[in-house]
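A structural walkthrough
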Amino acid sequence: MLKSVHLSNFAIASDVSLHLDPGMTAVTGETGAGKSIMVDALKLICGQRADEGLIKEGLDQSVITATFDIGALPRAQAYARDMGIDDDEIILRRVLRRGARSKSSINGHPVVLSQMEALSEHLLDICGQHSHIQLMNKRHQLEILDRIGASMDPSYGVAIESVQSSYSAWKAAKDNLKATLAKIEESQQQRLLLGYQLEELDELQPIAGEFEEISKEHEVLERAEDDQGSLNSAIYQLEGGHNDDGIPEKIGSAIAYFEDLADRYPELSNAIEMLGNAKVEITEAISEANSVLRGISHDPDRCAQLDKRMSAYFRLSKKHMTSPDELASRHEQIQKELQEMPTQDDIGDLEEAVIKSQAEFDNASKAIRALRVSCGEEIARKINEVLHRIGLEKSRIFFNIVDGRPSESGSDDVEVMFSANVGQSPKPLSKVASGGELSRVALAFQVIEAEYAALPTMIFDEIDVGIGGDAAKRVGEMLSRLGQRGQCLVITHQAPVAKASDHHMMVTKVHGETETTTSLRCLTDSEREQEIIRMTGIDA
């Protein structure tokens, strides 16, 4: 419920406050007094784009504040909770600034305009004298049928969710199939290239770490002959040859001389010990060198074999623009890429998924079709009763439901058909109803929807234009009944409509010496009587 609205420096409203109670509140006043200012302000609270021209002339900003009680609005409560608001009192504030973007807040917390717009959808429903234009849209007609139907029958809402989810699944399956087919077509050349590369790598069968190992072995084999010569030369120098003593023998001879002199020169004992150690180490070195020499194998065939494999590594690494050591991982990568590429074998499963999801969507569409037909008949019956009570006694309305293009709403094409007179064939509402008839049809839909759901505050902005006499009185009675189910604010020029209200407010224009402002006040019983007399006089 809308509890209050405060306007500060908005249009010609310097400081206007509106406090609302449950039920129907009529807002009246002379033409041009500023009745539409309140509606314009509430539209901005609902997220409508702002215009600097709405800021009071000569000032830099305008402030609109609306306070709501959402205790009886479960949809609004749920949305507010999703935003982290647990309070049943919601305060929407919009600040219009000259030369700058407007600012919005909910319960004091800054929000983007889209958040305010989304929440306000559950708080306010503004129906103006041109709102019936929406009713001429077939998509909107379907939305009304589904919204009222879901309020009438819980299974209706479940069926809507089912058709939406099944359509999404069907669409996703079709998109997946289409994307896979396109990917298969696009990947043909890539598959051929990778296949050729894989064949070459399969032939090589690169192994991680192998290139480093065979490189070292190849280097050893390639230098074997030179290495053997070098070792032989070194051993020859150590062992001696051609009847020459080797170094160990020469050291042994030197030790023998030192030992003969040791008795007279004791200080030679250290030299004898060092030479003895040197002889042992040199003899061991010669032994190790001979052992290495025996281990060196000059194998030209093995060397050629390794040379060929290394050349294959170099050739393929150049093709793949990588190092020889990385060919093994590249081999695995190509195998993985080919395995992950979609093939014609994948298409069968995807086609089956499309067929299965389409069948589920078809079943869900049939279920919602049955509910739309049955609920549509009941809704049309009730709307016809309302139309007959508000001056369209001979009119007839019904929902024409036929096969349509599949969508998230199902496979139904829904259109409201209307006939205003007996003997007149029903035709699409958008083509045959007059402005006054459309206004009353829109009101009838609101009345029926209010029977089944907790509606937000309803704002009716001169929807009774083109209606007079007894029809206006009945419209007033209908609006009063809507107010009894919640709250409605009715801006009207019709005395019978104002007379049916629970509360009556009057807008007046005040002309000062330097400016013109508008004021809004709640009328006493006697003031209300005088205002209705004035309005009746205008009608006369």
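Structure report, in brief. (Residues numbered from 1 in each chain as written. Predicted model: local features only at pLDDT ≥ 70, side-chain atom pairs only at ≥ 80, totals over all residues. Heavy atoms only, no water.)

Residues Leu 387, Phe 399, Leu 443, Phe 445, Phe 460 and Leu 479 are the most contacted members of the largest nonpolar core, which totals 63 residues. Setting aside its immediate chain neighbours within four residues, Phe 399 contacts Gln 141, Leu 145, Gly 376, Ile 379, Ala 380, Val 414, Glu 415, Val 416 and Phe 445. (Core = buried A, V, L, I, M, F, W, Y, C linked by side-chain atoms within 4.5 Å. Buried < 20%, exposed > 50% of the residue type's maximum accessible area, 1.4 Å probe, protein only. Contact = heavy atoms within 4.5 Å.)

Counted under the stated rule, the structure contains six aromatic pairs. Aromatic pair Tyr 167 and Phe 361: ring centres 5.5 Å apart, planes at 55 degrees, arrangement tilted. With Tyr 167 in helix α6 (residues 154-186) and Phe 361 in helix α14 (residues 344-389), this pair connects stretches of sequence that are 194 residues apart. By relative accessible area, Phe 361 is classed as buried at 0%. Between Phe 211 and Tyr 313 the ring centres are 5.3 Å apart and the planes differ by 55 degrees, which places this aromatic pair in the tilted class. A residue pair is termed long-range when its members are at least 10 positions apart, and Phe 211 in helix α8 (residues 210-222) and Tyr 313 in helix α12 (residues 300-319) qualify at 102 residues. Here the two residues Phe 211 and Tyr 313 agree in accessibility, since each one is buried. In textbook terms, an aromatic cluster arises when at least three aromatic residues are bridged by ring pairs, as seen for Tyr 167, Trp 170 and Phe 361. The side chain of Lys 174 reaches across the aromatic face of Trp 170, ending 3.9 Å from its centre. (Phe/Tyr/Trp six-rings, centres within 6.5 Å; stacked < 30°, edge-to-face > 60°. Helix = DSSP H or I, 4+ residues; strand = E, 2+ residues; numbered from the N terminus. Lys NZ or Arg CZ within 6 Å of the ring centre and 35° of its normal.)

Once that is clear, we can look at the pattern of salt bridges. Close approach of charged atoms lets side chains of opposite charge pair. The final tally for this structure, using the stated rule, is 22 salt bridges. In this structure, the salt-bridge partner of Glu 89 is Lys 3, at a minimum N-O distance of 2.8 Å. Within this pair, whereas Glu 89 is found in strand β5 (residues 89-97), its partner Lys 3 is found in strand β1 (residues 2-10), the two being separated by 86 residues in sequence. Here Lys 3 falls in the partly exposed class, since its relative accessible area comes to 31%. Between Glu 210 and Arg 309 there is a salt bridge, with its nearest N and O atoms 2.7 Å apart. On the criterion of sequence distance, the pair formed by Glu 210 in helix α8 and Arg 309 in helix α12 is long-range, its members being 99 residues apart. By sharing partners, the salt bridges in this structure join Asp 146, Arg 369, Arg 372, Asp 403 and Asp 412 into a single network. (Salt bridge = Lys/Arg side-chain N within 4 Å of Asp/Glu carboxyl O.)

Before going further, it helps to spend a moment on the sheet that holds strand β10 (residues 410-419). Within a sheet, each strand pairs with its neighbour through backbone hydrogen bonds, oriented either parallel or antiparallel. On the basis of which strands lie adjacent, the open sheet formed by three strands has the order β9-β10-β11 and antiparallel pairing. Two strands close off the open sheet at either side, each with one partner strand: β9 (396-407) and β11 (427-428). Pairing geometry for β9 and β10, over nine bridges, is antiparallel. Directly across from Asp 403, in β10, lies its bridge partner Asp 412. Along the sheet face, helix α5 (residues 138-152) touches β9 and β10 and points at about 100 degrees away from the line of β10. (Pairing = 2+ DSSP bridges. Axes fitted to C-alpha atoms, helices over the stretch in contact; angles between N-to-C directions.)

With respect to the helices and strands, the residue Ser 105 is situated in strand β6 (residues 103-106). With relative accessibility at 13%, the residue Ser 105 sits in the buried group. Here Ser 105 is in contact with Ile 91, Leu 92, Arg 93, Pro 110, Val 111 and Met 116, once residues within four sequence places are set aside.

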